[in-house]
Amino acid sequence: METRSPREDGQPSPARVRPGGPAPLLLQTVHEHRPGLGGISVLKTRGTVDASNARLFSEALADHVAHAGQAAEHPLLDLSEAYLACADAVRSLERATGALAHTGRALSVVQPRPHVREALTSAGLPGIRVHATLASALDALTSSREPSRERVCEPAYEPARPESGGLG
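Residues numbered from 1 in each chain as written. Predicted model: local features only at pLDDT ≥ 70, side-chain atom pairs only at ≥ 80, totals over all residues. Heavy atoms only, no water.

### Comments concerning the pairing of strand 4 (residues 107-110)
Note on strand geometry: in a regular strand, side chains alternate between the two faces of the sheet.
Right, so step 1: Both faces of strand 4 are covered, namely the face carrying Leu 107 and Val 109 and the face carrying Ser 108 and Val 110.
Right, so step 2: In terms of handedness, the path from strand 3 (residues 74-84) via helix 2 (residues 87-102) over to strand 4 forms a crossover that is right-handed.
Right, so step 3: Bridge count for strand 4 against strand 5 (residues 128-131) is four bridges, and the pairing is parallel. Looking at strand 5, one finds that Val 109 is bridged to Val 130.
Right, so step 4: The handedness of the strand 4 to strand 5 crossover, carried by helix 3 (residues 114-123), is right-handed. (Buried < 20%, exposed > 50% of the residue type's maximum accessible area, 1.4 Å probe, protein only. Helix = DSSP H or I, 4+ residues; strand = E, 2+ residues; numbered from the N terminus. Right-handed = clockwise from strand over helix to strand, strands pointing away. Pairing = 2+ DSSP bridges.)

Following this line, the structure appears as structure tokens:
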């Protein structure tokens with residue numbers, strides 16, 4: 001009998017399989033006011049984005065970005081508790097942030113898990129800027145608002161790099 005690793009036979013690794021199936025997609029928007037920055041709007045995403053709900057996720061994210069723009073808030077996307085299960089999930093981010101990319105702006109994505117960071121980096125989405133923490137995302141937004149500070153142009157996303165002393 002031939003044995004194959006889960007990746008070779010197309011099945012997800014046991015660490016990715018939930019007994020009841022994928023985690024349901026939950027979206028919550030949190031609005032805050034930060035001194036020196038103004039309003040921020042964080043879309044917290046929890047669960048699995050897959051082919052069955054990628055369109056819903058894309059529409060919710062596009063609405064989030066549009067509403068933040070109308071309210072003069074900075075939109076952020078918290079992916080700390082999200083799993084992107086397929087290419088449709090990554091494309092849903094591209095659809096929702098395409099308008100930002102065309103204007104030279106990017107959506108700050110906060111704390112993606114390592115596999116999500118890798119998927120976003122591989123996709124090279126110009127409308128996405130990945131940040132390891134909420135604090136680093138807010139620092140980047142604050143520095144972009146200060147005209148007197150010299151800024152170094154950052155890429156639209158940060159390449160995933162393994163951190164020393166731990167898992168990447």
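### Details of helix 1 (residues 54-70)
Right, so step 1: The first and last C-alpha atoms of helix 1 sit 24 Å apart over 17 residues, in line with the 24 Å expected at 1.5 Å per residue.
Right, so step 2: Here helix 1 has its buried residues at Ala 54, Phe 57, Ser 58, Leu 61, His 64, Val 65 and Ala 68. Along the axis of helix 1, the buried residues cluster in a sector spanning 125 degrees; they form a single face. Those residues of helix 1 that are exposed and angled more than 90 degrees off the buried face are Arg 55, Leu 56, Asp 63 and Gln 70.
Right, so step 3: Packing partners of the buried residues in helix 1 comprise strand 1 (26-34), strand 2 (38-49), strand 3, helix 2 and strand 4. (Expected span 1.5 Å × (residues − 1). Arc of directions from axis to C-beta. Contact = heavy atoms within 4.5 Å.)

### Looking at the environment of Ser 108
Right, so step 1: If you trace the backbone, Ser 108 turns up in strand 4.
Right, so step 2: A relative accessible area of 5% places Ser 108 in the buried class.
Right, so step 3: With 31 residues separating them in the primary sequence, Ser 108 and Leu 77 have C-alpha atoms 6.2 Å apart.

### As for the pairing of strand 1
Right, so step 1: As judged from the nine bridges shared by strand 1 and strand 2, these two strands associate in the antiparallel manner. Across the sheet, Arg 34 pairs through a bridge with Gly 38, a residue of strand 2.
Right, so step 2: With antiparallel pairing between neighbouring strands as the criterion, strand 1 and strand 2 make up a hairpin whose turn holds three residues, including Gly 36 at a positive phi of roughly 80 degrees.

### Details of the sheet that holds strand 1
Strand-to-strand pairing in sheets goes through backbone hydrogen bonds, with the strands running parallel or antiparallel.
Right, so step 1: Reading across the sheet, the five strands line up as 1-2-3-4-5 and stay open at both edges, with mixed pairing between neighbours. Each edge of the sheet is formed by a strand with only one pairing partner; in this case those strands are strand 1 and strand 5. Direction aside, the axes of adjacent strands within the sheet are offset by 25 degrees on average. (Axes fitted to C-alpha atoms, helices over the stretch in contact; angles between N-to-C directions.)

### Section: the pattern of salt bridges
Right, so step 1: Under the criterion given, the structure shown has three salt bridges.
Right, so step 2: Where Arg 34 meets Glu 32, a salt bridge forms, and the shortest distance between an N and an O atom there is 2.7 Å.
Right, so step 3: Taking the relative accessible area as the measure of exposure, Arg 34 reaches 27% and is therefore partly exposed.
Right, so step 4: Classification of Glu 32 by relative accessible area gives partly exposed; the value is 30%.
Right, so step 5: We note a salt bridge from Asp 88 to Arg 91, for which the minimum N-O separation is 2.5 Å. You can see Asp 88 and its partner Arg 91 sitting in helix 2, three residues apart, about one turn around the helix.
Right, so step 6: Given the relative accessible area of 28%, Asp 88 is considered partly exposed.
Right, so step 7: The exposure class of Arg 91 is partly exposed, given its relative accessible area of 40%. (Salt bridge = Lys/Arg side-chain N within 4 Å of Asp/Glu carboxyl O.)

By themselves these figures say nothing about function.
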